[in-house]
There are 2 protein chains.
Amino acid sequence: MECGQVCEGCAVRDVALCGSLDDSGLADLNRIGRRRRVGCGETIAWAGEESRSCANILSGLFKLSASTADGREQTVGLLYPADFVGRPYAPRTDYNVTALSEAEICVFPRPAFEETLERHNELERELLRRTLTTLDEARGRQLMLARQSAEERIARFLLDMAKKMGGARPTPGGPQTFDLPLSRGAIADVLGLTIETVSRQMTRLKAAGIIALPGGRAVTILRRADLQGLAAET
Amino acid sequence: MECGQVCEGCAVRDVALCGSLDDSGLADLNRIGRRRRVGCGETIAWAGEESRSCANILSGLFKLSASTADGREQTVGLLYPADFVGRPYAPRTDYNVTALSEAEICVFPRPAFEETLERHNELERELLRRTLTTLDEARGRQLMLARQSAEERIARFLLDMAKKMGGARPTPGGPQTFDLPLSRGAIADVLGLTIETVSRQMTRLKAAGIIALPGGRAVTILRRADLQGLAAET
DNA sequence: CGCCCAGTTGAACGTCCTCAAATTGCGTGG
DNA sequence: CCACGCAATTTGAGGACGTTCAACTGGGCG
């Protein structure tokens, strides 16, 4: 038993940040980490509060959101299993972290995590790599939010989700069906639109025969090429 | 002479990334870095191209921009003296880097810079810290681009610029005058608006007696409190 | 002196938002 | 099993904000 009870049977052991560590490093992390279940809708960190802990996501989906003083809200990032959450090296967080589904996370107290970061160079390097990638994503979303139409945003979002979710695909290249892990409201928050606009655009895509909406949160991509045409980006 | 000809008399020696290094580390960086003048409007990195080098900005202002296939453009970050530019650990850049003024930079070949990063842990840690801060900024801009009105964006932008630029301030707390280092077009690119909207909003602020526009790119903030009221954010 | 470019101003339009109502989906309890 | 109630979603009508297109202004420089 090389890595103790927390890492034991961890679903994201190799793909998460920890994947960069050798056994001794893993033992270090294992010492300070502990698993926690998070209920759907539960917020695990609040903007403006002290940055008390960091975590790896084991399962479930989270949103990272910011809001204006008068309550307008924007999701500035989605977090999937194996993603890292938290803000090392800063006393406070600027964003809320909220579960969009039932979830499980592996939590580390921030000071202890920072010490581990300092002790294990490979962990720090991996965090740097991930942060740079996340920064690229955040910048890509700036382009979307500033310059793309509602139709383009929805098309891109559906394609992104299709990739993330996998889902049923009877014949390769054929129609793909999957469940959106977000409500219409959550989608609107991500895309910088309103619920109504999201709904209308989905309806339009359905009317155009590009997608089908079999019910619930399910989506079927019928004509992927057309959807990609609408999403046309960089 | 502890750090050779490049770092010699470097204006940002202590505030840039390099500030984290001791003399031996600095000697390492000095070996691979070289200074370069950049003309106003010159683009030093192109989206989609190979990520060949990284750099520290010694003087001048740069924009980091992304664009859609059909030419809509968005500035996703502004880079000031002492800021780091480049994308270590990735084969290509996703963004253009363009000088908005005459500038000078200290360039490192990317592979050599990455090696230095690996050899000097403190450099890597400082880059991580900076990247995390930049990520926070990028997320803040997402909120702005998605949810703030043109008026709010302009107000916030003017306040941010006033802080960055310093500028003349006859009496403490009194009116502050400074030159915007960006054209109206560049401002529009940053704020996700059009030139016309930027111009109209500036005119409105002037008409309201909140700012004055003494000519050229100069701006005077007459009633800071009111401007802050309009900018109301997180 | 006149050109040229940045900036300003004006008018019309379109996209997306707001507010409101109708509809659907789903869990609960009768 | 069906009725009910709540929440999520869809649909509709109207309006606001920012864009688009176009004309005009002013300052710098040949």
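Look a little higher up for the structure.
All values reported here derive from a predicted model rather than from experimental measurement. (Residues numbered from 1 in each chain as written. Chains lettered and ligands numbered in written order. Predicted model: local features only at pLDDT ≥ 70, side-chain atom pairs only at ≥ 80, totals over all residues. Heavy atoms only, no water.)

**A word on the interface of chain A and chain B**
- At the interface, 47 residues of chain A touch 47 residues of chain B.
- Of all residues in chain A, the largest losses of buried area upon contact with chain B belong to A:Arg139, A:Gln142 and A:Arg147, amounting jointly to 17% of the total for that side.
- The interface formed by chain A and chain B includes 8 salt bridges.
- Across the pair B:Glu152 and A:Arg72 runs a salt bridge whose closest N-O atoms are separated by 2.6 Å.
- Applying the counting rule to chain A against chain B returns 30 residue pairs in polar contact (both at pLDDT 80 or more).
- The dominant element in the side of chain A that touches chain B, judged by the number of residues it contributes, is helix α4 (residues 121–147) of chain A, at 21 residues. (Contact = heavy atoms within 4.5 Å. Buried area = accessible area lost by both parts, 1.4 Å probe. Salt bridge = Lys/Arg side-chain N within 4 Å of Asp/Glu carboxyl O. Polar contact = N/O pair within 3.5 Å; in protein donor to acceptor, adjacent residues only side chain to side chain. Helix = DSSP H or I, 4+ residues; strand = E, 2+ residues; numbered from the N terminus.)

**Thoughts on the protein's contact with DNA strand D**
- Close to DNA strand D lie 16 residues, the nearest being A:Arg184, A:Ser199, A:Arg200, B:Ala150 and B:Thr197.
- The contact atoms of DNA strand D, taken as those within 4 Å of the protein, divide so that sugar and phosphate hold 57%.
- Here a phosphate oxygen of DNA strand D and a side-chain polar atom of B:Thr194 are 3.1 Å apart.
- B:Thr197 is positioned such that a nitrogen or oxygen atom in its side chain is 2.3 Å from a phosphate oxygen of DNA strand D.
- At the level of secondary structure, the elements contributing two or more residues to the surface near DNA strand D comprise α6 (184–191) and α7 (195–207) of chain A together with α7 (195–207) of chain B.
- In terms of residue count, the dominant contributor to the surface near DNA strand D is α7(A) (5 residues).
- Tallied by class, residues from the surface near DNA strand D come to 3 nonpolar, 8 polar and 5 charged. (Near = heavy atom within 4 Å. Nonpolar A, V, L, I, M, F, W, Y, C, P; charged D, E, K, R; others polar.)

**A short note on the state of the cysteines**
All names here are of chain A.
- Following the criterion strictly, the structure yields 0 disulfides over all chains and no others.
- With no disulfide of its own, Cys10 lies closest to Cys18 among cysteine sulfurs, the gap being 6.2 Å.
- Here Cys10 falls in the buried class, since its relative accessible area comes to 19%. (Disulfide = S-S within 2.5 Å. Buried < 20%, exposed > 50% of the residue type's maximum accessible area, 1.4 Å probe, protein only.)

**Let's talk about the pairing of strand β9 (residues 176–179) of chain B**
Residue and element names in this part refer to chain B.
- Across the two faces of β9 the burial differs, with Gln176 and Phe178 buried and Thr177 and Asp179 not buried at all.
- Sheet analysis places β9 next to strand β11 (residues 218–221), joined by 4 bridges and oriented antiparallel. By the bridge assignment, Thr177 is partnered in β11 with Thr220. (Pairing = 2+ DSSP bridges.)

**Quick notes on the relation of the copies chain A and chain B**
- For the pair chain A and chain B, the superposition axis carries a translation of 0.0 Å, the fit reaches an RMSD of 0.0 Å, and the rotation angle comes to 180 degrees. When the rotation and shift are considered jointly, the pair of chain copies conforms to a two-fold rotation axis.
- Most of the interface of chain A is mirrored in chain B, where 100% of its interface residues are also at the interface. (Least-squares fit on C-alpha atoms with pLDDT ≥ 70 in both.)

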